[in-house]
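Structure at a glance
Listed here are the chains, written in short residue letters.
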Amino acid sequence: AALVAREAALLVPEYEAKFAALQPEEGRFDFTQFEAIAAWAQHFGKAVRGHALVWHQDLPDWARAAIAEGPRRARAVLDAHYDAVLPRMRARIRDWDVVNEPIANPPGSDVPEPPGNTGDLRDTPWLRALGPDYVAIALRAARERDATLRITLNDYGVEADTPWAEEKRRRLLRLLRGLRQRNVPLDAVGIQGHLQMREPFRPEVFAEFVRQIRALDLQVAITELDVRETRPPVGDFVQRDTAVALRVHAFLSAAFAGGARTVLTWGLSDRWSWLHREEAVALGGGDVHRGLPFDWELNRKQMWRALARAFLGQPAG
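Residues numbered from 1 in each chain as written. Predicted model: local features only at pLDDT ≥ 70, side-chain atom pairs only at ≥ 80, totals over all residues. Heavy atoms only, no water.

**Details of the nonpolar core**
One recurring pattern in soluble globular proteins: nonpolar side chains tend to sit buried together. If you look at the biggest cluster of nonpolar residues, it comprises 82 residues, and the most contacted ones within it are Tyr82, Trp96, Trp126, Ile191, Phe206, Leu225 and Leu252. Those residues in contact with phenylalanine 206 that sit more than four places away from it in its chain are Val158, Glu159, Ile191, Phe201, Ile222, Phe251, Ala254 and Ala255. Of all hydrophobic cores here, the second largest spans six residues; its members include Val12, Leu264, Trp274 and Val281. (Core = buried A, V, L, I, M, F, W, Y, C linked by side-chain atoms within 4.5 Å. Buried < 20%, exposed > 50% of the residue type's maximum accessible area, 1.4 Å probe, protein only. Contact = heavy atoms within 4.5 Å.)

Put into structure tokens, the structure is as follows:
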């Protein structure tokens, strides 16, 4: 807690504001953990973002079943959730990831879409119930309830210099341009920044992508920055931390050059990172990704210094 109070100006709950956490049973809302985070943040003068209102994961079984009943029921589920969550948290949460991860993963990516899905949007319960317009429906519904809310669309897999990341960037830009042409309310795009050391990265490519988003009069935030190392990791801790720091500095410097101004890491310490809790991405064998600014013992790593130098516009060193 002392580390977060000292290091972070902006907080986001990893799980406590997702659908299943807030509404585990239909009509029964539990704000206990979310409000505890918001109250702690308020005590220490921190802002808080909301994450996430409409997402295909962390839906409780009842919500999946209800959404599958058809468009009318799906819209009722969405409206009821918004009506309970947005007014209650309005005084403390002024920025929400309203739609999270809507873009389909192209062939070649870690988790590509099923062969039958050939569109730009991921195959989700919301898409199946409400059609491709579900993104616009979700964004408009948020604006209807809060005229000054900072509405953010958040996604991942657009950072690397790979064919599938390039295709996902194209898909995201098509969605954003379409929303803009239809005057759908949207203020910002969140680029998660779950970086992978096995993937190549070109700063000029990523900076240009951020510029293209900014050209649509949208703000850009890096919302979930961390780094996944290769299996097995290469080198000792010093070598590994150096490689991670260089990647983070290159990534953030490119993001800032393109016009991004906000950065959140997905946690502060390797000790509590999803990168070792989630079996699908963990290193295993007793080793842990060194992908956050502080190590297991809460010591600053080279990644912390890379963040600082990128914020200050300084070279990697």
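**Looking at the pairing of strand β2 (residues 47-54)**
Where burial is concerned, most of β2 is hidden: seven out of the eight residues are buried. As defined by bridge partners, β2 adjoins strand β3 (residues 93-100) across four bridges and the pair is classed as parallel. Looking at β3, one finds that glycine 50 is bridged to tryptophan 96. (Helix = DSSP H or I, 4+ residues; strand = E, 2+ residues; numbered from the N terminus. Pairing = 2+ DSSP bridges.)

**Here's the deal with the packing of helix α9 (residues 203-214) against helix α10 (residues 237-258)**
Between α9 and α10, the least distance of the axes is 7 Å, while the angle of their chain directions is 35°. Of the two possible hands of crossing, α9 and α10 adopt the one that is right-handed. Facing Pro203, Phe206, Ala207, Val210, Arg211 and Arg214 of α9, the residues of α10 in contact are Ala250, Phe251, Ala254, Ala255, Ala257 and Gly258. When its residues are assigned to classes, the contact of α9 with α10 shows nine nonpolar, one polar and two charged. (Axes fitted to C-alpha atoms, helices over the stretch in contact; angles between N-to-C directions. Left-handed = near helix turned anticlockwise from the far one by under 90°. Nonpolar A, V, L, I, M, F, W, Y, C, P; charged D, E, K, R; others polar.)

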